[in-house]
Amino acid sequence: GSKSKSKQVIIAIVIAFISVFFLAYAIQSVYPAPDYNNYCKDIQTFKIIDNKIECEAMDGVWYENNEPKGGWCDLYFKCNQEYNDAREPYERNLFIVHLILGLAVLITSFFLGVEAISSGFMAGGAMMLIYGVTRYWGNLSNILRTIVLGLALVIIVYFAYRKFK
């Protein structure tokens, strides 16, 4: 009846979210993100750095301008660059892992016999795919975006056709 259907929907939603959180924390446990603090330690300066020589002596980057002050010092430029250099391959690898796990969960869901469980894992797999793609989307070229979306669409349609025909 309607109670049974509503319980199935609720359990499917719970399975979807818990499966996504489980996989996200499992990934983070075995493949942690680069820590900003390992690259940019707290740089304590109690005075204003207002010249290029002092700035560069503290490993900063000096930016000239035409104001009376003459410029400003970015003490975090180099460490931010090192952090971003470490983060970019991490984000790419995470994107690939999310795609693989999302597709695996989604495909597995087609073979599960209990509708509520199957639906929950189907939604969880779709959420993993969406999360992985949106997290790395800005780093993908238009060609790669098209290829990723095309492959995901072909795989999903293939398994959906097999399951629902």
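Residues numbered from 1 in each chain as written. Predicted model: local features only at pLDDT ≥ 70, side-chain atom pairs only at ≥ 80, totals over all residues. Heavy atoms only, no water.

Asker: Which parts of the structure should I look at to understand the overall build of the protein?
Answerer: The secondary structure content of the protein amounts to six helices and two strands. Mapped from its N terminus to its C terminus, the protein presents α and β elements in the order α-α-α-β-β-α-α-α. The C-alpha extent of the protein, read off along each of the three principal axes, is 75 × 35 × 30 Å. The buried share of the protein, taken over its 165 residues, is 29%. For the protein, contacts bridging at least 24 residues in sequence account for 62% of all contacts bridging at least 6. Total accessible area on the protein is roughly 11100 Å²; 65% of this is exposed by carbon and sulfur atoms. With 15 positive and 14 negative side-chain charges, the protein shows a separation of 21 Å between the mean positions of the two kinds. (Helix = DSSP H or I, 4+ residues; strand = E, 2+ residues; numbered from the N terminus. Buried < 20%, exposed > 50% of the residue type's maximum accessible area, 1.4 Å probe, protein only. Contact = heavy atoms within 4.5 Å. Areas by Shrake-Rupley, 256 points an atom, 1.4 Å probe, with all protein chains shown as cover. Lys, Arg positive; Asp, Glu negative; His and termini not counted. Charge placed at Lys NZ, Arg CZ, Asp CG, Glu CD.)

Asker: Explain the packing of aromatic side chains here, please?
Answerer: The description of an aromatic ring pair rests on the distance of the ring centres and on the angle between the ring planes. On inspection of all chains with the given rule, the structure shows seven aromatic pairs. Both rings, one in tyrosine 31 and one in tyrosine 90, keep their centres 4.8 Å apart while their planes meet at 35°; by these two values the pair is tilted. Taken together, the positions of tyrosine 31 in the loop between helix H1 (2-30) and helix H2 (36-39) and tyrosine 90 in helix H4 (residues 77-109) put the pair 59 residues apart, joining distant regions of the chain. On the basis of relative accessible area, tyrosine 90 is assigned to the buried category, the value being 3%. Aromatic pair tyrosine 63 and phenylalanine 77: ring centres 6.5 Å apart, planes at 75°, arrangement edge-to-face. One end of the pair, tyrosine 63, is in strand E1 (residues 61-64); the other, phenylalanine 77, is in helix H4, with 14 residues separating them in the sequence. Tyrosine 63 gets classed as partly exposed once you look at its relative accessible area, which sits at 29%. In this structure an aromatic cluster arises from ring pairing among Tyr36, Tyr39 and Tyr83. (Phe/Tyr/Trp six-rings, centres within 6.5 Å; stacked < 30°, edge-to-face > 60°.)

Asker: Looking at this structure, how should I read the state of the cysteines?
Answerer: Linking two cysteines covalently through their sulfur atoms gives a disulfide. Enumeration according to the criterion identifies two disulfides in this entry. There is a disulfide in this structure between cysteine 40 and cysteine 79, and the S-S distance comes to 2.1 Å. Judged by the sign of its S-S torsion, about 110°, the cystine formed by cysteine 40 and cysteine 79 is right-handed. Of this pair, cysteine 40 sits in the loop between H2 and helix H3 (52-57) while cysteine 79 sits in helix H4, and the two are 39 residues apart along the sequence. When its relative accessible area of 3% is taken as the criterion, cysteine 40 is described as buried. A relative accessible area of 10% means that cysteine 79 is categorised as buried. (Disulfide = S-S within 2.5 Å.)

Asker: Mind showing me how you'd approach the packing of H4 against helix H6 (residues 142-164) here?
Answerer: Geometrically, a packed helix pair is captured by the angle between its two axes and the distance between the axes. Packing of H4 against H6 leaves a shortest axis separation of 11 Å and a crossing angle of 15°. In terms of orientation, H4 lies roughly parallel with respect to H6. Note on packing geometry: the crossing formed by H4 with H6 is right-handed. In contact with Phe95, Leu99, Leu103, Leu106 and Ile107 of H4, H6 contributes Val148, Ile155, Ile156 and Phe159. (Axes fitted to C-alpha atoms, helices over the stretch in contact; angles between N-to-C directions. Parallel < 35°, antiparallel > 145°, perpendicular 65-115°, else oblique. Left-handed = near helix turned anticlockwise from the far one by under 90°.)

Asker: How should I be thinking about the pattern of salt bridges in this particular structure?
Answerer: Two side chains carrying opposite charge are able to pair once their charged atoms lie near each other. Throughout the structure, instances matching the rule amount to three salt bridges. Glutamate 91 is the partner of arginine 87 in a salt bridge, and the nearest nitrogen-oxygen pair spans 2.8 Å. Taken as a pair, arginine 87 and glutamate 91 lie in helix H4 at a separation of four residues, close to a single helical turn. Since its relative accessible area comes to 22%, arginine 87 is described here as partly exposed. Taking the relative accessible area as the measure of exposure, glutamate 91 reaches 10% and is therefore buried. (Salt bridge = Lys/Arg side-chain N within 4 Å of Asp/Glu carboxyl O.)

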